[in-house]
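Topology and contacts: notes
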Amino acid sequence: MVVLEESGDAQPVAADDGSKEEIKSKNMISLEIFRVIKDAQQQHGLRHGDYQRYRGYCSRRLRRLRKVLKIPQGDRRHYRRRDVTSSHLTASTAESRLLCVPLLQAERAWAHAMQLRQEANTEPRKKFHLVARLKKACAHAQMLLQLSEQSGTCSARTQLEAGAYAAWLRGALLLELQQWRAAADCLRSAQLVLENLCSALPQDEQLVYKQKVDELHPSLRYCAYNIGDESAAGDLLALRGQGLIDNLDTLMAQAKESRSGVMHEVEWRGRVVSVRPEKVRLFLISLQDLETSLKAAVDSQHRIALLENVLMDCKDAISALKDEIKNDPKLKNAEAQQMSSVNYLLSYLMYLRLVRTVERNNLLVQQAEEARRNNVPIDGKKVRPQDLTRLYEIILQNYSELQQLPGFENDLAYQTEIDTEMKAYKAFRCYYIAQVLTGLRRFREALAILERCSTYTAESLASKLKDKQLLAKLEDLQKDIESCKYEVHADSVLEDDEEEETKYTKSYKDKKPLVDRLDDYREDSQVLTKNPNIFKLPPPMEAVPCKPLFFDLACNFIEFPNLDDKTGAANNKKQGAGLTGLVKGFLGWGKGDK
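The structure presented is a predicted model; accordingly, all values stated were derived computationally and were not measured.

Things to note about the side chain of Lys212
Topologically, Lys212 is positioned in helix α9 (residues 207–227). Not counting the four nearest positions on each side in its chain, Lys212 is found in contact with Phe34, Trp168 and Leu194.

What about the pattern of salt bridges?
Two side chains that carry opposite charge are able to pair once their charged atoms sit near each other. If you walk through the whole model with that rule in mind, you get 19 salt bridges. Arg157 serves as the salt-bridge partner of Glu32, at 3.8 Å between the closest nitrogen and oxygen. Of this pair, Glu32 sits in the loop between β2 (28–31) and α2 (33–43) while Arg157 sits in helix α7 (residues 156–176), and the two are 125 residues apart along the sequence. When its relative accessible area of 5% is taken as the criterion, Glu32 is described as buried. By relative accessible area, Arg157 is classed as buried at 7%. The salt bridge involving Arg429 is made with Glu393; its shortest N-O contact spans 2.8 Å.

Comments concerning unusual backbone geometry
With omega at -10 degrees, the peptide bond leading from Leu537 into Pro538 counts as cis. Relative to the helices and strands, Pro538 is located in the loop between α19 (468–509) and α20 (564–567). A positive phi is found at Gln178, a non-glycine position, where the angle reads about 65 degrees. The backbone of Arg441 sits at a positive phi, close to 60 degrees, despite the residue not being glycine. Taking the relative accessible area as the measure of exposure, Arg441 reaches 44% and is therefore partly exposed.

Considering a nonpolar patch on the surface
On the surface, Val515, Leu518, Ile534, Phe535 and Leu537 cluster together to form a nonpolar patch covering roughly 530 Å² of accessible area. Secondary-structure assignment places Ile534 in the loop between α19 and α20. Taking the relative accessible area as the measure of exposure, Ile534 reaches 38% and is therefore partly exposed.

Digging into a positive patch on the surface
Together, Arg53, Arg60, Arg63 and Arg64 give the surface a local cluster of positive charge. As for its placement among the helices and strands, Arg60 is situated in helix α3 (residues 51–69). Among the residues examined, Arg60 registers a relative accessible area of 40% and is labelled partly exposed.

Concerning the environment of Arg373
You can see Arg373 is positioned in helix α15 (residues 341–373). Relative accessible area serves as the criterion here: at 60%, Arg373 is assigned to the exposed category. Residues Arg373 and Val383, spaced ten residues apart in sequence, show a C-alpha to C-alpha distance of 9.3 Å.

Digging into the packing of helix α8 (residues 180–200) against α9
The interhelical angle for the contact between α8 and α9, taken along N-to-C directions, is 155 degrees, at an axis separation of 9 Å. Here α8 is positioned roughly antiparallel relative to α9, judged by the angle of their axes. The chirality of how α8 crosses α9 is left-handed. Here Trp180, Arg181, Ala183, Ala184, Leu187, Arg188, Ala190, Gln191, Leu194, Glu195, Leu197 and Cys198 of α8 come into contact with α9, specifically with Tyr209, Lys210, Lys212, Val213, Leu216, His217, Ser219, Leu220, Tyr222, Cys223, Asn226 and Ile227. Across the contact of α8 with α9, the residue classes break down as 15 nonpolar, four polar and five charged.

Structural notes on the nonpolar core
Ranked by size, the top nonpolar core spans 69 residues in total, and within it Phe283, Leu349 and Leu405 carry the most contacts. Residue contributions to this core peak at 15 residues, all from α15. Look past the residues within four positions of Phe283 in its chain and what remains in contact with it is Val310, Asp313, Cys314, Ala317, Leu349 and Leu352. By size, the runner-up hydrophobic cluster in this structure holds 64 residues, among which are Tyr54, Ile71, Cys100 and Leu197.

Let's talk about the packing of aromatic side chains
What the rule picks out here adds up to 20 aromatic pairs. Ring centres 5.2 Å apart and planes at 45 degrees place the aromatic pair Phe408 and Tyr414 in the tilted group. Phe408 sits in the buried class, given a relative accessible area of 3%. Among the residues examined, Tyr414 registers a relative accessible area of 1% and is labelled buried. Ring geometry for Tyr425 and Phe428: centres 6.5 Å apart, planes at 50 degrees, overall tilted. With a gap of three residues between them, Tyr425 and Phe428 both fall in helix α17 (residues 412–439), about one helical turn apart. You can call Tyr425 buried: its relative accessible area is 3%. A network of ring pairs unites the aromatic residues Phe34, Tyr51, Trp110, Tyr165, Trp168 and Tyr209 as a single cluster. Here Lys212 stacks its cationic end above the ring of Trp168, 3.4 Å away from the centre of that ring. The aromatic ring of Phe428 is capped on one face by Lys473, whose charged end is 5.0 Å from the ring centroid.

Thoughts on the pairing of strand β3 (residues 265–268)
Because side chains alternate across β3, one face comprises the buried residues Val266 and Trp268, and the other comprises Glu265 and Glu267, none of which is buried. Here β3 pairs with strand β4 (residues 271–274) via four bridges, running antiparallel. Within β4, the residue paired with Glu267 across the bridge is Val272. Taken together, β3 and the strand that follows it, β4, pair antiparallel across an intervening segment of two residues, in which Arg269 is found at a positive phi of about 55 degrees.

As for the packing of helix α11 (residues 278–287) against helix α13 (residues 300–327)
The geometry of a pair of packed helices is captured by two quantities: the angle between their axes and the separation between those axes. α13 packs onto α11 with a crossing angle of 155 degrees between their chain directions and a minimal axis gap of 8 Å. The angle between α11 and α13 places the two elements in the roughly antiparallel class. In this structure, the crossing between α11 and α13 has a hand that is left-handed. Facing α11, whose interface residues are Lys279, Val280, Phe283 and Leu287, α13 presents Val310, Asp313, Cys314, Asp316, Ala317, Ala320 and Leu321. Residues that form the contact of α11 with α13 fall into these classes: eight nonpolar, no polar and three charged.

What about α17?
For α17, with 28 residues, the first-to-last C-alpha span of 40 Å sits near the 40 Å given by 1.5 Å per residue. A side-chain oxygen of the first residue of α17 lies 3.4 Å from the backbone nitrogen of Ala413; this N-cap is Asp411. Of the residues one or two after α17, Arg441 is the one with positive phi, at around 60 degrees.

Some details on the state of the cysteines
Scanning the model with the defined rule gives zero disulfides in all. Of the cysteine sulfurs around Cys453, a residue in no disulfide, the closest is that of Cys430, at 5.8 Å. Of the residues examined, Cys453 reaches a relative accessible area of 0% and is grouped as buried.

Reading guide: rules and limits
- Position labels on residues start from 1 in each chain and follow its written sequence.
- Reporting in this predicted model follows two pLDDT cut-offs: at least 70 for local features of residues, and 80 or more for side-chain atom pairs to be given and counted; totals over whole chains, interfaces and linings ignore these cut-offs and use all residues.
- Only hydrogens and water are removed before side-chain values are computed, so all heavy atoms of the structure are retained for them.
- Here a strand is any run of E in DSSP of at least two residues, a helix any run of H or I of at least four, and the numbering for each starts at the N terminus.
- We call two residues contacting when some pair of their heavy atoms lies within 4.5 Å.
- We define a salt bridge as a contact between a side-chain nitrogen of Lys or Arg and a carboxyl oxygen of Asp or Glu at a distance within 4 Å.
- Burial classes: relative accessible area under 20% of the type maximum marks a residue as buried, over 50% as exposed, and values in between as partly exposed (1.4 Å probe, protein chains only).
- A patch consists of residues whose relative accessible area exceeds 30% and which take part in no salt bridge; residues with like charges are grouped when within 9 Å of each other, and nonpolar side chains (Val, Leu, Ile, Met, Phe, Trp, Tyr) when within 5 Å.
- Only the protein chains shown count as covering a residue, and every accessible area follows the Shrake-Rupley method with a 1.4 Å probe.
- Neither His nor the chain termini are counted; the positive set is Lys and Arg, and the negative set is Asp and Glu.
- To locate a charge, take NZ of a lysine, CZ of an arginine, CG of an aspartate or CD of a glutamate.
- Angles run from 0 to 180 degrees between N-to-C directions of axes, and those axes are lines fitted to C-alpha atoms, restricted for helices to the stretch in contact.
- In what follows, roughly perpendicular refers to angles from 65 to 115 degrees, roughly parallel to angles under 35, roughly antiparallel to angles over 145, and oblique to any angle outside these ranges.
- Crossing handedness is defined as follows: a turn of the near helix away from the far one that is anticlockwise and smaller than a right angle gives a left-handed crossing, while the clockwise case is right-handed.
- Three classes are used: nonpolar for Ala, Val, Leu, Ile, Met, Phe, Trp, Tyr, Cys and Pro, charged for Asp, Glu, Lys and Arg, and polar for all others, with Gly counted as polar.
- Nonpolar cores were defined as sets of buried Ala, Val, Leu, Ile, Met, Phe, Trp, Tyr and Cys residues, with membership established by side-chain atoms within 4.5 Å.
- For Phe, Tyr and Trp, rings pair up if their centres lie within 6.5 Å, where Trp contributes its six-membered ring, and each pair is then called stacked (planes under 30 degrees apart), edge-to-face (over 60) or tilted (otherwise).
- A ring has a charge above it when a Lys NZ or an Arg CZ is no more than 6 Å from the ring centre and no more than 35 degrees off the ring normal.
- Strands are treated as partners if at least two bridges between them are detected by DSSP.
- Helix span, expected: 1.5 Å multiplied by one less than the number of residues in the helix.
- Within 3.5 Å is the distance limit for a polar contact, defined as a pair of N or O atoms, with the added protein rule that one can donate a hydrogen and the other accept it, and that residues adjacent in sequence qualify only through two side-chain atoms.
- Any two cysteine sulfur atoms within 2.5 Å of one another count as a disulfide.

See below:
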């Protein structure tokens, strides 16, 4: 990846000696050497150890670069060598791709050497060709180092990486020539520069250099074994007077200073991440002047308009960063153990968007409270407690989204901070909910909500909020809660009295006589008048049930059994039959009966 750092507007400058300082201050060329070659190697064959494919890529890339930069080496028939010189880098049209020419030449020669090493297992004579190609790679790397140092237009980081790259290739050549001590010195110098770069760069840019440092460890151990002094692998003091290491501290200071001039990185919650998308960088730069603009705003309406513009820019920056994550396959396959820097930057942008949204909503709340206090309508409508409740509900939704930011679900300090602020806003929401319930004459629920509001307020004040403005509002709210409790309690008592009076008033209007309402106590002055309503005479007509009449129609058709034998009536008839029969027979009675 090639980055062009500018600390001001670049202007065409002549390539004379007196203008070198002016060129250096206005247009610094930066080339991330190890990142460029790492990406190229992974994409063109070295992931599978195919050095021939990578060598072919370097040749094609060199041809395209020379054509674009207009530094061809002759024509179709004749070859004429043309190298990149300091005059190219000090010209007004200088760009970072000029440094890619010697870099790719060195990579092509190194890839050829590694290909010959694979073939040397069966053909030992190719080792001589291998050494020759490594010497050619070292020559191109030394040319790259000289260009970065002598031109005066390259950044300190580029000089450090060029020195480390040249030292690494020099160490690989000496290792092949079995000059163990010299090889160890070169490899240790490269290792020292890479370790210092790791300490100065953001975390997401350290991986390439850490991998390169790990690649140097086996070679250093092998050199120490052949030297016979294992402690020599960790001795770096002797390197302070050699070449690049002599001005290492100066270059590191320049590298840190150059990165602080432009918004290349951002620090949030103890972690530094780099900012690569241009739209995100411009948004973060514009955000630096937001506080000054807000203080200079005339009223709340102008502040709300400024924040809404910032929120739109933040939305565009988030979209640009999401598109980069979507299009980059490396970011999709990021390690799950540690959050990648791009995802961390995305969480930071989402945090900024939500925080600024909360700030805008607070301004809306402030505007509504002032309008309600002064009894001034907003957009032709009177401000009600329901409107403020809805605004605080939106703020709490924003804080819920803050709690769910990717990568911070398990951050205890962050979650505690968000919970504390949420309790403060819950207290305000409960206060206005209690006012809504009071308006609906639901005084018991209003008192319960006020008790909860008092609890939230006490917990928020005890936790020592960082927001001084919010802390002052909570202190005022604590006073308002007590007065609101007394008002609600008084309203509830007055309502009970009104209910009793209403109850009695309804009874007075009722025309029930006294005899029908003896169980209902009443101070009825109407009873003491000349026409008291004690009993109604005549009493009102009442509907009573009639007595039922039964008509037994089936009794005439029923034949009852003869029970004389069981009752003893048959025996009585037999006893009186003698005398009666005698009389009947004597006088002639009973004949008609037969």
